[in-house]
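# Structural overview for review
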Amino acid sequence: MWRCAGRARRSLWGLSGRDAGLRAWRWRSDTACERALRYHVGEKIHGFTVGQVTSIPELSLTAVKLSHDGTGARYLHLAREDTNNLFSVQFRTTPRDSSGVPHILEHTVLCGSQRYPCRDPFFKMLNRSLSTFMNAFTASDYTLYPFSTQNPKDFRNLLSVYLDAAFFPCLRELDFWQEGWRLEHEDPRDPQSPLVFKGVVFNEMKGAFADNERIFSQHLQNRLLPDHTYSVVSGGDPLCIPDLTWEQLKQFHATHYHPSNARFLTYGNFPLEQHLEQIHEEALSKFQKIEPSTTVPAQKPWDKPREFQVTCAPDSLAAGSPRQTTVSVSFLLPEITDTSEAFTLSLLSSLLIGGPNSPFYKALIESGLGTDFSPDAGYNGCTREAYFSVGLQGIAEKDVQTVRDIIDRTIGEVIEKGFEDDRIEALLHKIEIQMKHQSTSFGLALASYIASCWNHDGDPVELLQLGSQVAHFRQCLKENPKFLQEKVRQYFKNNQHKLTLSMKPDDKYSEKQTQMETEKLKQKVKSLSVKDKQQIYEKGLELQAQQSEPQDASCLPALKVSDIEPAIPFTELEVALAAGDIPVQYCAQPTNGVVYFRAFSSLNTLPEELRPYVPLFCSVLTNPCLEEEERFRVLVKMTAQELSNGIPDSGHLYASVRASRTLTPAGDLQETFSGMDQVRLMKRIADTADIRPVLRKLPRIKKHLLNGDGMRCSVNATPQQMSQAGKAVEDFLGSLGRNRKERKPVRPHVVERPVPHGSGGSTHVGGSQIIRKLITDPTFSPCQMKTHFLLPFPVNYVGECVRTAPYAHPDHASLKILAHLMTAKFLHTEIREKGGAYGGGAKLSRGGIFTLYSYRDPRATETLQSFAKAVDWAKSGRFTQQDIDEAKLSVFSAVDAPVAPSDRGLDHFLHGLSDEMKQAHREQLFAVHREGLIAVSNKYLGTGRSTHGLALLGPENAKIARDPSWIVR
């Protein structure tokens, strides 16, 4: 997976600490932190030497720094009482061209290794483990391989596979062809069909650069840091990817994937000694120390500012609008290894652009000149030298200079006036609250947070000591009240390393990109001899044969279904009435002093014409702009821009939501709230001259939703806080309006069901049972609809949905296993390996919508044919008991994913699922068998069995255009 410039920024606010409530695997009676504190500097452990042991109480962890004696590999262990243990290894990868070599290497090393030579062990391990996370990331200057799991045996299995993949990969030529790029006949079996470019990364990057925000962010980094590796596209420019050779790939691995260029991280409560022993024995002991030449040199500062202009494709959802230009002003900042200065500048960035009271928000966003901040606005600490960027997108080209003038003027005003003490204190308080918040993926957050700084030889332990950084910042501010103003003057006002980048749409941009790709293809084909062409044809057949043949994965380690816990831990819940008749669910949890409140409000009395505006109402709910027209207009423009910009990254989700629209009433509502209909509505509102009619709808929505009728609430807090929290909830609910006369429900069909018992808790108050009111629509009839959204993307996003059985139905468990089975054993091969899409698979929603999808897919109608083949494959039962067991492991890794204390009991609150119901479903999952899988395939997925919906986002398609059953929008 490629992390675009600016998309993986290191953020102070992303850390959420203290998973104290997670069930601890206690190896001895003492805690992981206490055990780690017993190590001493200079101690030798399995080929490693301890260099530092540091307690970090603000994050409830102990950091142990080590180095490997034989190779110099660096190691950081973060001991914490958290069962979701993480491993990662990262390499500094510094390409000098845009062929995408580190990105393609990241894909290819996971395709087989010396110890595990089967094809694609990485994806196969997804179905042989109970991992809570498995992936790999290519950033601008490093490549990271993380995984996490709660199972000790699983941890050792995954560690073995990851170590062998990273240090001893096969790097076969056919894998390079499949994952990177290749010349291949359009139909590999027909040598007369034209030669075309294919490859997973090639198509992934074509999809990535369909996103104008990514184009802008990439140019920004390339232009601001032009001297070394940051001047190229680490993920690969689709026009440069075909320049990479297999030999160059292998050479890059040899020079970059060495222990002397590696940084290892482990996190959690498993014993450090076991990790060190396995890493030393299976990998590091086989290497000698080298001096890697991967250092990124410092960027030479400029003696005067620079300006650049670039182009992009027009916004397809704002056709003809003259306001599609983006401009930003960016400043080079000090090296990120100066953690104190980095903390100050990150905090300064938040003061400058964070929230509606910040100087740049008021000056730029509220000017009405644009729709949102420019991409990558704020502090970016992902490169050796950090940078700060600010600007606007969605402006008229004539306003570029005006925006620049506003930025310069605002910098001057900040230097003169500074910041309000209350805003600084609120931001520091936010950091402290974030440190208290409990995340289930805290280890992964830490790995991402320290990766860039550690990559450039910064101190990761110093970076994690947020408490001392906050204290140092307060001291600096106390000693010099103009401390922040002086930083603004130093780094912004007097900084000559300043880049002004503007981007405007070119109507022929996509056509030019296609033309350049066609020209590149012609050059490649023209250089081929007759012998070369014959080899390409034969290699294509060989690759197709390899992709089609059954794989023996017996060399890979695997858990067994018997390794899965048979029962779930039950959660204690209490449900009581507040403010008369409003149900409130109370869940006592170790939330580290933070109270979590949620309210659920029924839409049943809300008139149909107001429903599309509910997401907008939710956006403004916490903003004081219900009655301020200009602020409301600003918020609408920002929301519309964010939705539009998000389509290239989430196209498969939009396709899936659209495909399910006509299958259930909930699907129709989901499309209204979060589908392409919502995107188009927000763009229309943003372009409306008179926004007052929309603004007048919000108080009407408020009357229906913010009142006690049809509302229920939940509270998660520590036992000691429950009494106080309950009183606060009672006061809040008492302040809400109630309807004097009963409103007429829009959908009058309501089914009343008792609230299911929470484990060990009570859902009875005063002798009467609490009732949930569930809305039904007996007149709803599912129907098939096929929709093609024409968008100027070079790839497609495909979704097909089938209405099947919901969670409480006995067939749901078999359908859930079937979705994972189809993904791992058929769709992955057909859609990704053969088809060249970045991703694809099947999934089942809690409501019973069975979805087949593809992501960044060069094909469209052919993928729909693959979906049909997948159904035939399932109906014919072409899978083994081993395949079924692996699918069960994959399902249970999601079912048993850790739940944060703040979120426990939510299934009960939102969906009415008691622990007893979840345990019954768990037992149904264990009991799924071959005959049941074939039966549900035939019952629900076969042609004519259930109603299907189809949707496609992507470029024009001649076959679909000729098919009258498709609606083209």
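Residues numbered from 1 in each chain as written. Predicted model: local features only at pLDDT ≥ 70, side-chain atom pairs only at ≥ 80, totals over all residues. Heavy atoms only, no water.

A word on the overall build of the protein chain. Summing up its helical and strand segments, the protein chain has 33 helices and 31 strands in all. Taken over C-alpha atoms, the radius of gyration comes to 28 Å for the protein chain, in line with the 30 Å a tight globule of 969 residues would show. Projecting the C-alpha coordinates of the protein chain onto the three principal axes gives extents of approximately 80 × 75 × 70 Å. Burial status across the protein chain gives 58% buried among its 969 residues. Considering only contacts in the protein chain between residues 6 or more positions apart, those separated by 24 or more positions represent 81%. Of the accessible surface of the protein chain, which amounts to about 39100 Å², a share of 51% is contributed by carbon and sulfur atoms. Each charge sign in the protein chain was given a centre, from 114 positive and 112 negative side chains, and these centres are 3 Å apart. (Helix = DSSP H or I, 4+ residues; strand = E, 2+ residues; numbered from the N terminus. Rg over C-alpha atoms; globule rule 2.2 N^0.38 Å. Buried < 20%, exposed > 50% of the residue type's maximum accessible area, 1.4 Å probe, protein only. Contact = heavy atoms within 4.5 Å. Areas by Shrake-Rupley, 256 points an atom, 1.4 Å probe, with all protein chains shown as cover. Lys, Arg positive; Asp, Glu negative; His and termini not counted. Charge placed at Lys NZ, Arg CZ, Asp CG, Glu CD.)

Right, let's get into the nonpolar core. Among the nonpolar cores identified, the biggest contains 87 residues, and Leu66, Phe87, Tyr145, Phe167, Phe264 and Ile279 are the most heavily contacted of them. Broken down by element, this core gets its largest block of residues, nine residues, from helix α4 (residues 152-167). Not counting chain neighbours up to four residues away, the residues in contact with phenylalanine 87 comprise Tyr145, Pro146, Phe147, Phe155, Leu159, Tyr162, Leu163, Phe264, Leu265, Thr266 and Ile279. In this structure, Ile56, Tyr267, Phe419 and Ala447 belong to the second largest nonpolar core, which totals 71 residues. (Core = buried A, V, L, I, M, F, W, Y, C linked by side-chain atoms within 4.5 Å.)

Here we take up the packing of aromatic side chains. Here the structure, examined in full by the defined rule, presents 34 aromatic pairs. Taken together, a centroid distance of 6.4 Å and an interplanar angle of 75° make the contact between phenylalanine 91 and tyrosine 145 edge-to-face. Pair noted here: phenylalanine 91 is in strand β5 (residues 85-92) and tyrosine 145 is in strand β8 (residues 142-149), with a separation of 54 residues, a long-range link. Here phenylalanine 91 matches tyrosine 145 in class, with each residue buried. Directly above the ring of tyrosine 853 sits lysine 843, whose terminal nitrogen or CZ lies 5.2 Å from the centroid. (Phe/Tyr/Trp six-rings, centres within 6.5 Å; stacked < 30°, edge-to-face > 60°. Lys NZ or Arg CZ within 6 Å of the ring centre and 35° of its normal.)

A few words now on the environment of glycine 320. Its place among the elements puts glycine 320 in the loop between β12 (306-312) and β13 (325-335). The spacing of glycine 320 and aspartate 507 is 187 residues in sequence and 9.9 Å in space, taken between C-alpha atoms.

One open sheet accounts for four strands, arranged β18-β19-β21-β20; its pairing is mixed. In the strand order of this sheet, the two ends are held by β18 (574-578) and β20 (596-601), each with one partner. The mean angle between the axes of side-by-side strands here comes to 20°, regardless of whether they run parallel or antiparallel. Two elements, β18 and strand β19 (residues 582-588), share five bridges in a ladder whose sense is antiparallel. Looking across to β19, one finds that glutamate 574 is bridged to tyrosine 586. Strands β18, β19, β20 and β21 (711-717) of the sheet are contacted by helix α26 (residues 722-735), whose axis makes an angle of about 160° with β19. (Pairing = 2+ DSSP bridges. Axes fitted to C-alpha atoms, helices over the stretch in contact; angles between N-to-C directions.)

This structure, assessed with the given rule, holds 53 salt bridges. Where lysine 939 meets aspartate 811, a salt bridge forms, and the shortest distance between an N and an O atom there is 2.8 Å. You can see lysine 939 sitting in helix α32 (residues 930-941) and its partner aspartate 811 sitting in the loop between β27 (796-803) and α27 (812-834), a full 128 residues away along the chain. On the basis of relative accessible area, lysine 939 is assigned to the partly exposed category, the value being 43%. Classification of aspartate 811 as buried rests on a relative accessible area of 15%. A salt bridge links glutamate 830 to lysine 834, with the shortest nitrogen-to-oxygen separation between them at 3.1 Å. Linking glutamate 830 with lysine 834, this pair stays in helix α27, spanning four residues, or about one helical turn. (Salt bridge = Lys/Arg side-chain N within 4 Å of Asp/Glu carboxyl O.)

Once that is clear, we can look at the environment of valine 327. The residue valine 327 is located in strand β13 in this model. What makes valine 327 buried here is its relative accessible area of 2%. Residues valine 327 and threonine 500 lie 173 residues apart in sequence; the distance between their C-alpha atoms is 7.1 Å. Apart from the residues within four sequence positions on either side, valine 327 is in contact with Phe216, Ser374, Gly391, Leu392, Ile395, Val400, Val403, Thr500, Leu501 and Ser502.

Okay, the side chain of histidine 256 next. With respect to the helices and strands, the residue histidine 256 is situated in helix α8 (residues 246-256). For histidine 256, a relative accessible area of 8% corresponds to the buried category. In contact with histidine 256, not counting residues within four places along its chain, are Phe91, Arg92, Thr93, Thr94, Asn261 and Thr294.

This part covers the packing of α27 against α32. Relative orientation of the contacting elements α27 and α32 amounts to 90°, with a least axis distance of 9 Å. It follows from the interaxial angle that α27 and α32 lie roughly perpendicular. Contact residues: Ser814, Leu815, Ile817, Leu818, Leu821 and Met822 in α27; Gly932, Leu933, Val936, Ser937, Tyr940 and Leu941 in α32. Each residue belonging to the contact of α27 with α32 can be placed in one class, and the counts come to nine nonpolar, three polar and no charged. (Parallel < 35°, antiparallel > 145°, perpendicular 65-115°, else oblique. Nonpolar A, V, L, I, M, F, W, Y, C, P; charged D, E, K, R; others polar.)

The next thing to look at is the sheet that holds β27. Pairing is mixed in the open sheet, where six strands are placed in the order β28-β29-β27-β30-β26-β31. The open sheet has two free edges, formed respectively by β28 (839-844) and β31 (966-968), since each of these has just one partner strand. Between one strand axis and the next, the sheet turns through 15° on average, direction left out of account. Pairing analysis gives seven bridges linking β27 to strand β29 (residues 849-857), with the strands arranged antiparallel.

The next thing to look at is the environment of phenylalanine 167. Within the fold, phenylalanine 167 resides in helix α4. Phenylalanine 167 sits 53 residues away from glutamine 114 along the chain, and the two C-alpha atoms are 9.4 Å apart. Discounting residues that sit within four places of it in the chain, phenylalanine 167 has contacts with Phe91, His253, Tyr257, His258, Pro259, Ala262, Phe264, Ala283, Leu284 and Phe287.

This part covers helix α13 (residues 421-436). Its 16 residues place the ends of α13 23 Å apart at the C-alpha level, agreeing with the 22 Å of an ideal helix rising 1.5 Å per residue. Regarding α13, the residues found buried are Arg423, Ile424, Leu427, Leu428, Ile431 and Met435. Considered in projection along α13, the buried side chains sweep an arc of 135° and stay on one side of the axis. Structural note: α13 exposes Asp421 and Asp422 on the side pointing more than 90 degrees away from its buried face. Close packing links the buried residues of α13 with α10 (339-353), α11 (359-363), α16 (466-479) and α17 (483-493). (Expected span 1.5 Å × (residues − 1). Arc of directions from axis to C-beta.)

Turning to the confidence of the model for the protein chain, a few remarks are in order. Summarising the model, the protein chain shows a mean pLDDT of 91, and 94% of its residues fall at 70 or more. Note that pLDDT drops below 50 for residues 7-29; the model gives that stretch 95 contacts with residues more than four away or on any other chain. Taken together, the stretch residues 764-768 has pLDDT below 50 and engages in seven contacts with residues farther than four places along the chain or on a different chain. (pLDDT = per-residue confidence, 0-100.)

Assignment of secondary structure puts glutamine 485 in helix α17. Judged by its relative accessible area of 11%, glutamine 485 falls in the buried class. A distance of 3.1 Å separates a polar atom in the side chain of glutamine 485 from the backbone oxygen of isoleucine 415. Once you skip the residues sitting within four places of it in the chain, glutamine 485 turns out to touch Val414, Ile415, Glu416, Lys417 and Gly418. (Polar contact = N/O pair within 3.5 Å; in protein donor to acceptor, adjacent residues only side chain to side chain.)

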